[in-house]
Structures are given as C-alpha cells and as structure tokens.
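Architecture at a glance
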Amino acid sequence: VRPGPPQQLVPMQAHYEEPGNVFREFRELTGRTILRAGEGLPGQALQRGAPVWAGDLPGDLRPERTDVIDRLPIDAAAAFPVTVGDNVEMVLEFFCTHQIVDDERVRQGMSSVAVHLARTIERLRAEATLRESEERFRELAESINQVFWILNPSNEEVLYISPEWSRILGMPPTGTSADVNQWRSHLHPDDRDWVDQEFQTKAVQGQYDVVYRVIRSDGQVRWVHDAAVPILDLTGSVRRIIGVAEDITERSRPPQRENSNDSVATCMTASGRS
C-alpha cells in the first residue's frame with residue numbers, strides 16, 4: 001500500500017505455481033496494474049480491512065481484473081489484507097485456474113498467511129528502529145570525550161566500548177570491542193587490586209565511582225574517573241552494567257604519594273571517598 005491520499009496498491013511480486021509461459025504473461029499483466037482503495041478485489045480488501053472473495057462482490061465488480069481474467073484461465077480469485085496495528089500494509093491477491101469453494105477453512109488458512117506476514121513486517125520494523133537507535137547511540141557515544149562502555153556481568157564480556165578508550169591508553173584504534181583483561185593490564189599496579197574489588201562489589205549496586213591510574217602504551221600515567229550503574233531485567237537481576245570513564249589528568253592531578261597504601265588513599269579521596 002502506497003500511503004495516500006489516495007491510497008494506492010502497487011504491485012510488489014508475482015508468483016505462479018504452474019509451469020509454462022503463462023506465468024510470464026501473468027506477471028506482466030499483474031505487475032503493471034495499480035489500484036486504488038475500492039478498486040478490484042485488492043482495493044476492496046484495502047478499503048474493508050477484511051478478506052474479499054470474488055463471490056462477495058456485485059456482478060459488475062467480479063471481473064475486477066479483466067486484463068488478467070479474460071486473457072488467462074482464471075476461475076477463482078480472493079484478496080487478503082495484511083494489517084499491522086490498524087493499518088493495511090499490503091494485500092495478498094490469489095488467482096486460481098480452477099474453482100475453489102469459499103469456505104471458512106480456506107479463509108482461515110489464507111488469513112493465517114496474512115497474520116504471519118504482518119508479524120514479519122512488525123519484526124523488520126522493530127529491527128530497523130533498533131538499528132536506527134544503535135546508530136544514534138554510536139554517534140553520540142563516539143562524539144564525546146568520555147569512554148562509554150557496556151559490560152555483560154555474567155561473563156565479563158565487553159559488549160560495547162567507545163573508541164575514546166584507545167586514545168586514553170595510547171593504543172591503535174580497535175573498534176568497539178575490548179578485553180577486560182587488557183583493561184586490567186593497563187591499570188597501575190598499585191591500583192589494580194582495589195579497583196577490581198570496588199568493581200566486583202559495588203558495580204551491581206550502582207555505587208561504583210572511582211578514580212584510578214592507568215599506564216599508557218608509551219609509559220605515561222593518566223588519571224581516570226570511572227563510574228557505572230546496573231541495568232536490571234524484569235526479574236530484578238543485573239542484565240548489563242553501563243559506565244562512563246573520563247581522562248581527568250589535566251583537569252585534576254592528585255598528589256603522588258611514596259607508597260602504595262598512600263596511593264590507594266589518594267585514589268579513593270579523589271573519587272569522593274575516604
């Protein structure tokens with residue numbers, strides 16, 4: 001259905017079950033006919049939003065596709081709307097070379113095909129909407145100076161991490177995938193254990209908010225502010241953990257301490273904890 005007004009039915013695809021040259025002629029005839037709402041069986045199905053059998057129509061409307069019915073051995077025809085929500089999205093039109101009894105079983109069978117097509121359209125639209133949302137999310141995540149990351153807590157799989165993380169660690173761009181162990185390997189040795197402990201105990205509670213040091217590939221030490229919150233499923237279980245990390249070295253460089261314990265205290269104080 002081409003959106004209107006006026007609504008029009010534009011041919012999409014033709015299929016013919018019986019072999020022979022008649023299919024080519026059938027496809028050519030049906031492939032160039034555009035109908036409006038109320039015209040022919042498909043137009044009636046569009047207008048009514050319900051299946052239409054040739055026998056349902058007045059005599060002057062029954063040969064609704066004279067170019068097809070007169071030139072091909074057509075003895076029966078029917079049209080079934082494919083409805084998504086309240087809108088007819090497409091119409092299936094069936095021609096048959098032998099008479100078919102118009103009974104409830106046939107109508108239910110054909111209507112079932114229409115229902116399955118409607119569900120397919122809904123699924124494809126949902127997938128398209130999801131892809132569009134993902135594209136917008138990526139555009140946003142990759143245009144900011146913070147690192148946006150998504151983690152599956154059950155297996156510690158990084159589902160997404162924005163490219164900014166490669167810049168902070170001084171690594172070549174690796175796309176939007178990462179390895180948790182690789183991230184751990186860049187943590188300052190004095191911060192590695194306590195940061196890991198903080199994440200394991202507080203991320204699922206929505207209380208993970210820390211400042212730590214990372215060692216870049218070129219040996220430079222950078223300070224990173226990292227925070228995360230859990231995403232719960234319908235049962236209340238943690239489904240995902242999402243977080244934002246930011247290089248704050250130039251903005252706020254905490255004082256260095258001589259031993260590891262002091263370093264830990266410095267990191268915790270920098271994150272607002274004591």
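Above this text sits the structure in question.
A few points on the structure. (Residues numbered from 1 in each chain as written. Predicted model: local features only at pLDDT ≥ 70, side-chain atom pairs only at ≥ 80, totals over all residues. Heavy atoms only, no water.)

**As for the overall build of the protein**
Along its length, the protein carries eight helices and ten strands. For the protein, the proportion of its 274 residues judged to be buried stands at 35%. Taking the contacts inside the protein whose residues are at least 6 apart along the sequence as the reference set, 50% of them involve residues at least 24 apart. (Helix = DSSP H or I, 4+ residues; strand = E, 2+ residues; numbered from the N terminus. Buried < 20%, exposed > 50% of the residue type's maximum accessible area, 1.4 Å probe, protein only. Contact = heavy atoms within 4.5 Å.)

**Focus on the nonpolar core**
Counting residues in each nonpolar core, the largest one holds 23 residues, and the members touching the most others are W149, Y208 and Y212. Broken down by secondary-structure element, the contributors of at least two residues to this core are β6 (147–152), β7 (157–161), α5 (164–169), α7 (189–202), β8 (208–215), β9 (221–232) and β10 (238–247). Among the elements that take part in this core, β8 stands out by supplying four residues, more than any other. Listed in part, the twelve residues of the second largest apolar core include A45, L46, A77 and V88. (Core = buried A, V, L, I, M, F, W, Y, C linked by side-chain atoms within 4.5 Å.)

**Side note on the sheet that holds β8**
Pairing is antiparallel across the open sheet formed by five strands, whose spatial order is β7-β6-β10-β9-β8. Taken across any chain shown, the strands that pair with only one partner, and hence form the sheet edges, are β7 and β8. With direction set aside, neighbouring strand axes in the sheet form an average angle of 30 degrees. Where β9 meets β10, nine bridges bridge the pair, whose relative direction is antiparallel. When the sheet's bridge partners are listed, D226 is paired in β10 with A245. The sheet strands contacting α7 are β6, β8 and β10, and the helix crosses β8 at an angle near 155 degrees. (Pairing = 2+ DSSP bridges. Axes fitted to C-alpha atoms, helices over the stretch in contact; angles between N-to-C directions.)

**So, unusual backbone geometry**
Backbone phi values are negative for most residues with the exception of glycine, while trans is the configuration of most peptide bonds. With a phi close to 55 degrees, E156 is a non-glycine residue in the positive phi region. Relative to the elements of secondary structure, E156 occurs in the loop between β6 and β7. Using a relative accessible area of 27% as the deciding quantity, one classes E156 as partly exposed.

**Focus: the sheet that holds strand β3 (residues 52–53)**
Here three strands make up an open sheet; going across it, the order is β3-β4-β5 and the pairing antiparallel. At either end of the open sheet lies a strand with only one pairing partner, and these are β3 and β5 (87–96). Where β3 meets strand β4 (residues 76–84), two bridges bridge the pair, whose relative direction is antiparallel. The partner of W53 across the bridge, within β4, is A78.

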